[in-house]
Amino acid sequence: PEKIKYSVVIPVYNEEENIPILYERLSTVLDGMDGRSEIIFVDDGSSDKTWELIEEISSEDTGVRAISFARNFGHQIAITAGINNSSGEAVITMDADLQDPPEVIPDLVEKWKQDYEIVYAVRKKRKGENFIKRGLAWLFYRFINRISSVDIPLDVGDFRLMDRKVVNVLKNLDEHYRF
Ligand code: UDP
Ligand code: MG
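Here the structure is a predicted model, which is why all the values come from computation and not from measurement.

1. A closer look at the overall build of the protein
Part 1 of the argument: Within the protein, the regular secondary structure consists of six helices and six strands.
Part 2 of the argument: In the protein, the succession of α and β elements from N to C terminus is β-α-β-α-β-α-β-α-β-α-β-α.
Part 3 of the argument: Relative to the compact-globule value of 16 Å for 179 residues, the protein shows a C-alpha radius of gyration of 16 Å, a close match.
Part 4 of the argument: If one aligns the C-alpha atoms of the protein with their principal axes, the spans along those axes are about 45 × 40 × 30 Å.
Part 5 of the argument: Counting over 179 residues, the protein shows a buried share of 43%.
Part 6 of the argument: A fraction of 78% describes how many contacts in the protein between residues 6 or more apart in sequence connect residues 24 or more apart.
Part 7 of the argument: Per element, the accessible surface of the protein, about 10600 Å² overall, is 53% carbon and sulfur.

2. A closer look at the pattern of salt bridges
Part 1 of the argument: Counted by the stated rule, this structure contains five salt bridges.
Part 2 of the argument: In this structure, a network of salt bridges that share partners links the residues Lys 5, Asp 34 and Lys 113.

3. Digging into the site of ligand 1
Part 1 of the argument: Taken together, 14 residues lie around ligand 1, and Pro 11, Glu 15, Asp 44, Asp 97 and Lys 133 are the ones closest in.
Part 2 of the argument: At 2.6 Å, a side-chain N or O of Asp 44 approaches a nitrogen atom of ligand 1.
Part 3 of the argument: Asn 72 is positioned such that a nitrogen or oxygen atom in its side chain is 3.0 Å from an oxygen atom of ligand 1.
Part 4 of the argument: Isolated, ligand 1 exposes 530 Å² of accessible area, and the fraction of that covered by the protein chains is 76%.

4. Structural notes on the nonpolar core
Among soluble globular proteins, nonpolar side chains are generally buried collectively.
Part 1 of the argument: Counting 27 residues, the largest nonpolar core has Ile 10, Phe 41 and Ile 105 as its most contacted members.
Part 2 of the argument: Those elements giving two or more residues to this core turn out to be strand S1 (4-12), helix H1 (19-31), strand S2 (36-43), helix H2 (50-60), strand S4 (90-93), helix H4 (105-113), strand S5 (118-122) and strand S6 (156-163).
Part 3 of the argument: Of all the elements, H1 adds the most residues to this core, at five residues.
Part 4 of the argument: If sequence neighbours within four positions are ignored, Ile 10 has contacts with Leu 22, Leu 26, Ile 39, Ile 40, Phe 41, Val 42, Met 94, Asp 95 and Ala 96.
Part 5 of the argument: Core analysis: the second largest hydrophobic core is formed by 13 residues, Phe 69, Ala 78, Ile 79 and Ile 83 among them.

5. Description of the environment of Ile 144
Part 1 of the argument: The residue Ile 144 is located in helix H5 (residues 131-147) in this model.
Part 2 of the argument: For Ile 144, a relative accessible area of 19% translates into the label buried.
Part 3 of the argument: In the structure, Ile 144 is positioned 32 residues away from Trp 112 in sequence and 27 Å away in space, judged by C-alpha atoms.

6. Details of H5
Part 1 of the argument: The end-to-end C-alpha separation of H5 is 24 Å, in line with the 24 Å expected for 17 residues at 1.5 Å each.
Part 2 of the argument: All buried positions along H5 are accounted for by Ala 137, Tyr 141, Ile 144 and Asn 145. Buried residues of H5, viewed axially, fall in a sector of 100 degrees; they line one side. Exposed and facing more than 90 degrees away from the buried side of H5 are Phe 131, Ile 132, Leu 136, Leu 139, Phe 143, Arg 146 and Ile 147.
Part 3 of the argument: Buried residues along H5 sit against S6.
Part 4 of the argument: For H5, the side-chain oxygen to backbone nitrogen distance between the N-cap and Ile 132 is 3.1 Å, and the N-cap itself is Asn 130.

7. Considerations on the pairing of strand S3 (residues 64-68)
Part 1 of the argument: Where S2 meets S3, five bridges bridge the pair, whose relative direction is parallel. Paired with Ile 40 across the bridge in S3 is Arg 65.
Part 2 of the argument: Handedness of the crossover is the feature at issue here: the chain leaves S2, passes through H2, returns alongside S3, and the resulting connection is right-handed.

8. Topic: the coordination of the magnesium ion (ligand 2)
Part 1 of the argument: For the magnesium ion (ligand 2), the protein coordination sphere consists of Asp 97 (OD) and Gln 99 (OE1), at 2.0 to 2.3 Å.
Part 2 of the argument: Residue Asp 97 is classed as partly exposed on the basis of its relative accessible area of 29%.
Part 3 of the argument: Judged by relative accessible area, Gln 99 falls into the partly exposed class, the value being 25%.

The rules behind each value
Residues numbered from 1 in each chain as written. Chains lettered and ligands numbered in written order. Predicted model: local features only at pLDDT ≥ 70, side-chain atom pairs only at ≥ 80, totals over all residues. Heavy atoms only, no water. Helix = DSSP H or I, 4+ residues; strand = E, 2+ residues; numbered from the N terminus. Rg over C-alpha atoms; globule rule 2.2 N^0.38 Å. Buried < 20%, exposed > 50% of the residue type's maximum accessible area, 1.4 Å probe, protein only. Contact = heavy atoms within 4.5 Å. Areas by Shrake-Rupley, 256 points an atom, 1.4 Å probe, with all protein chains shown as cover. Salt bridge = Lys/Arg side-chain N within 4 Å of Asp/Glu carboxyl O. Near = heavy atom within 4 Å. Polar contact = N/O pair within 3.5 Å; in protein donor to acceptor, adjacent residues only side chain to side chain. Core = buried A, V, L, I, M, F, W, Y, C linked by side-chain atoms within 4.5 Å. Expected span 1.5 Å × (residues − 1). Arc of directions from axis to C-beta. Pairing = 2+ DSSP bridges. Right-handed = clockwise from strand over helix to strand, strands pointing away. Donors = N, O, S within 2.8 Å, 3.2 Å for Na, K, Ca; no water.

Here it is as structure tokens:
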């Protein structure tokens, strides 16, 4: 079979309301792309119908894989498991709660095609979050950059694209706290 070009890794925790819309929007985007793709949902111990939904989707769509955790391990561990199980030449990670619009993926891919190995999507607005959370997020990025010797791009979340080369390096680093 044709090699997988794009992997989309999505950690999911109690996202039953978002899964059907996310899947529909994401599939439309991926169908319009220039290579084979896979979606990897990682269920991080959800207690709602998330697992039933992603299992059903993956049984009907061979381009969708579902991984299930026995309990809640946290967002970063779920992303790691998804990345470790991906095989695309480019790996895109995104959240399931529709704060990361799937329609932006072609823009990330366009940059990748210009040979950028990591492409971040930057949040202009944080929709559906109150001012305290927005304020804390704003402070977090500025504070972490003050105290850290590593430059962390401002206001980026986990919505990003990584080239397979980067993924292979990441897989060799075994700390739990990915951020
Ligand atoms: N998530 C997860 N495990 C958790 C909490 C969240 O896999 O314990 C998933 C969640 O379903 C979503 C993503 O991680 O797809 C980001 O979570 P959230 O929206 O709560 O984070 P924030 O937007 O506040 O960074
Ligand atoms: Mg969110």
